[in-house]
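Here's the letter readout for the chains.
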Amino acid sequence: MRKIVASQFISLDGVVEAPDQWHFPYFNDEMGQAVWSALSTSDTLLLGRVTYEEFAAAWPDRTEEPDEMVDFMNNTPKVVVSTTLDKVEWKNSTLIKGNVFEEIRKLKEQPGGDIGTTGSVTLIRSLLAEGLIDEIKLLVHPIVVGGGRLRLFDPDSPTVPLKLVESQTFTTGVLNLTYVPADA
């Protein structure tokens, strides 16, 4: 069975909103390798509407970085979860409507590599509560953002016991942490 692997840039105070405003001072080759390592095992991307729209606006026209990341983002199949979109137009994108959890369970049963997800906080929260996330990769930045209403976990998030299975500290102080469900 395929795994769903959620990856996030996150601040010490749990903010995941607008990483473009606080993340880049910490980006280096170590982090680039970790991001690519997490993505490269995936042959499908699972995205919520907001992240899909942001990525679809940014990645198709990227030419300054003719590299494997641009090719990956544009050519990898993307499955989009939305209650408001009627269609998705970015290359290799499919829209899931209806019973999202049932459709994602079917997706996990199909042959293939990992199903990667990033951003898409509402989606990740619901998948975690539903027991559908197999691995969470957090790049914890040594910064307290303070503002920012969007945090990975909110006060209404259910209790989900996790087990740390891998950790690494980058020279920038960023922690690369990998968690799996505690019962895995």
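Before reading further, recall that the structure is shown in the block above.
By convention here, each chain's residues receive numbers from 1 onward along its written sequence. Owing to the predicted nature of the model, reporting of local features is limited to residues with pLDDT of at least 70; listing and counting of side-chain atom pairs is limited to 80 or more, with chain, interface and lining totals taken over all residues. Side-chain descriptors were evaluated using all non-hydrogen atoms of the structure, hydrogens and water having been removed beforehand.

## Looking at the overall build of the protein
Worth spelling out the cut-off: Only DSSP runs of H or I with at least four residues qualify as helices, and only runs of E with at least two residues qualify as strands; both kinds are numbered from the N terminus onward. When we talk radius of gyration, it's over C-alpha atoms, and the globule rule is simply 2.2 Å times the number of residues to the 0.38. Buried, partly exposed and exposed residues are distinguished by accessible area as a fraction of the type maximum, computed with a 1.4 Å probe on protein chains only: under 20%, between the cut-offs, and over 50%, respectively. In this analysis, two residues are considered to be in contact whenever any of their non-hydrogen atoms come within 4.5 Å of each other. Note on areas: these come from Shrake-Rupley sampling with a 1.4 Å probe, and a residue is covered only by the protein chains present in the view. Charge convention: Lys and Arg are scored as positive, Asp and Glu as negative, and His as well as the terminal groups of each chain are ignored. For this purpose, a charge sits on NZ of Lys, CZ of Arg, CG of Asp or CD of Glu.
Regarding its fold elements, the protein presents 5 helices and 8 strands. Secondary structure of the protein in N-to-C order comes out as β-α-β-α-α-β-β-α-β-α-β-β-β. Taken over C-alpha atoms, the radius of gyration comes to 16 Å for the protein, in line with the 16 Å a tight globule of 184 residues would show. Overall, the C-alpha framework of the protein stretches about 45 × 40 × 30 Å when taken along its three principal axes. In the protein, which comprises 184 residues, the share counted as buried stands at 42%. Counting contacts in the protein only where the partners sit at least 6 residues apart, residues at least 24 apart contribute 71% of the total. Taken as a whole, the protein presents about 9,800 Å² of accessible surface, with 52% of it coming from carbon and sulfur. Of the charged side chains in the protein, 16 are positive and 27 negative, and the gap between their average positions amounts to 5 Å.

## Concerning the nonpolar core
Keep this limit in mind: As used here, the term nonpolar core means buried Ala, Val, Leu, Ile, Met, Phe, Trp, Tyr and Cys residues forming a set that is joined through side-chain atoms within 4.5 Å.
Within the largest apolar cluster, 24 residues are counted, with the highest numbers of intra-cluster contacts made by Leu 46, Val 81, Ile 104, Leu 127, Ile 133 and Leu 152. When contributions to this core are tallied by element, the ones reaching two or more residues are strand S1 (4-11), strand S3 (78-81), helix H4 (100-109), helix H5 (121-129) and strand S6 (135-141). Looking at this core, the element that brings in the most residues is H5, giving 5 residues. Beyond its immediate sequence surroundings of up to four residues, Ile 104 is in contact with Ile 4, Leu 46, Val 81, Ile 96, Leu 123, Leu 127 and Leu 132. If you look at the next biggest cluster of nonpolar residues, it comprises 22 residues, including Leu 39, Val 70, Phe 72 and Trp 90.

## Side note on the side chain of Ser 7
Examined against the element boundaries, Ser 7 turns out to sit in strand S1. Since its relative accessible area comes to 19%, Ser 7 is described here as buried. When near neighbours in sequence (up to four residues on either side) are disregarded, Ser 7 contacts Ala 38, Thr 117, Thr 118, Gly 119 and Lys 137.

## Description of the sheet that holds strand S5 (residues 114-118)
Convention followed: In this analysis, strands are considered paired if DSSP registers two or more bridges between them. Every axis corresponds to a line fitted to the C-alpha atoms, with the helix fit spanning only the stretch in contact, and the corresponding angles, defined between N-to-C directions, vary from 0 to 180 degrees.
What the 8 strands build is an open sheet, ordered S4-S3-S2-S5-S1-S6-S8-S7; its pairing is mixed. The open sheet terminates on both sides in strands that have one partner only, identified here as strand S4 (93-96) and strand S7 (162-169). Along the sheet, successive strands turn relative to each other by an average axial angle of 25°, direction set aside. As defined by bridge partners, S1 adjoins S6 across 7 bridges and the pair is classed as parallel. Paired with Ile 10 across the two strands is Val 140, which belongs to S6.

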